[in-house]
Structures are given as C-alpha cells and as structure tokens.
Amino acid sequence: MTELFTDTVLNMMTTTAEPEDYTGEDGLLYCGKCRTAKEAYFPKETAAWLGHDKHPTECDCQREKRLECESAEERRRHLDTVMELKRRGFTDLTMQE
Ligand SMILES: [Zn+2]
C-alpha cells in the first residue's frame, strides 16, 4: 500500500464529529441529534488486518436525509422517463406523417 492510499483509507475511517456529537459508553461516536451511533466496530479479524477497529456508519438522521434525497432523485428520474417517452412518442407521430 502506498502512503497516499493508506491516508485515504484512514480518512474514510474517520468520522467527522459535529459539535453536538458525543462519545458513548462503548467508545463509539454518537450523533447529538438522534442519539444513534455514527460509528461501528469492525469484526475482530478485520480490525486486526486493518489496524483500525472502527468505521463510520450512518446515524438515524443521516440515513433519513439520504433516503429523502434518494426518493427525490427517484421522482425526478421518473419524470425524466415520462418526458422522454412523450417526446419519443411525439417524434414517432411526426415521422409517420
Ligand atoms: Zn443523527
């Protein structure tokens, strides 16, 4: 592994703590808003292999936010498809004439 790669991986493993976040009794970082863990422990073997025992995970409010974004994106994509089909249908009609 190159040093840069290791740095990148380690950066990915580091959870950015918000001011309201706190460390729970289990040593994991908790979200100050929804009070669910923002970190999770790797299985023992993985932790030994990586030399790192925790990885970031989504807390409840982050997950909610992501799902919201995804469904908005889904709706937009659906509209695009409908428009595209309409447009194509229209082109077919003009070609038939
Ligand atoms: Zn949260």
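Residues numbered from 1 in each chain as written. Predicted model: local features only at pLDDT ≥ 70, side-chain atom pairs only at ≥ 80, totals over all residues. Heavy atoms only, no water.

**Notes on the overall build of the protein**
Phase 1: Of the regular secondary structure elements, the protein holds 3 helices and 4 strands.
Phase 2: Secondary structure elements of the protein occur, N-terminal to C-terminal, as α-β-β-β-α-β-α.
Phase 3: Each of the 97 residues in the protein was classed as buried or not, and the buried ones make up 15%.
Phase 4: Taking all contacts inside the protein whose residues are at least 6 apart in sequence as the whole, residues at least 24 apart take part in 26%.
Phase 5: Total accessible area computed for the protein in this model is approximately 8,100 Å², and 58% of it derives from carbon and sulfur atoms. (Helix = DSSP H or I, 4+ residues; strand = E, 2+ residues; numbered from the N terminus. Buried < 20%, exposed > 50% of the residue type's maximum accessible area, 1.4 Å probe, protein only. Contact = heavy atoms within 4.5 Å. Areas by Shrake-Rupley, 256 points an atom, 1.4 Å probe, with all protein chains shown as cover.)

**A closer look at the coordination of the zinc ion**
Phase 1: Looking at the zinc ion, one finds its protein donor set to be C31 (SG), C34 (SG), C59 (SG) and C61 (SG), positioned 2.2 to 2.3 Å from the metal centre.
Phase 2: For the zinc ion, the donor residues sit on a single chain with the sequence spacing C-x2-C-x24-C-x1-C. (Donors = N, O, S within 2.8 Å, 3.2 Å for Na, K, Ca; no water.)

**Section: the packing of aromatic side chains**
Given two aromatic rings, their pairing is described by the distance between the two centres and the angle made by the two planes.
Phase 1: This model, assessed by the stated rule, comprises 1 aromatic pair.
Phase 2: The interplanar angle of 20° and the centroid separation of 5.7 Å between the aromatic rings of Y22 and Y30 together place this pair among those described as stacked. (Phe/Tyr/Trp six-rings, centres within 6.5 Å; stacked < 30°, edge-to-face > 60°.)

**Thoughts on the side chain of K38**
Phase 1: Structurally, the position occupied by K38 is in the loop between strand 2 (29-30) and strand 3 (39-41).
Phase 2: Every residue in contact with K38, bar those within four places of it in the chain, is listed here: T15, T16, E18, D21, L29, Y30, C31, H55, P56, T57, C59 and Q62.

**As for the pattern of salt bridges**
Phase 1: Taken as a whole and assessed by the stated rule, the structure comprises 12 salt bridges.
Phase 2: The shortest N-O distance in the salt bridge between E58 and R66 comes to 2.4 Å.
Phase 3: The class of E58 is partly exposed, set by a relative accessible area of 27%.
Phase 4: Owing to a relative accessible area of 33%, R66 belongs among the partly exposed residues under this scheme. (Salt bridge = Lys/Arg side-chain N within 4 Å of Asp/Glu carboxyl O.)

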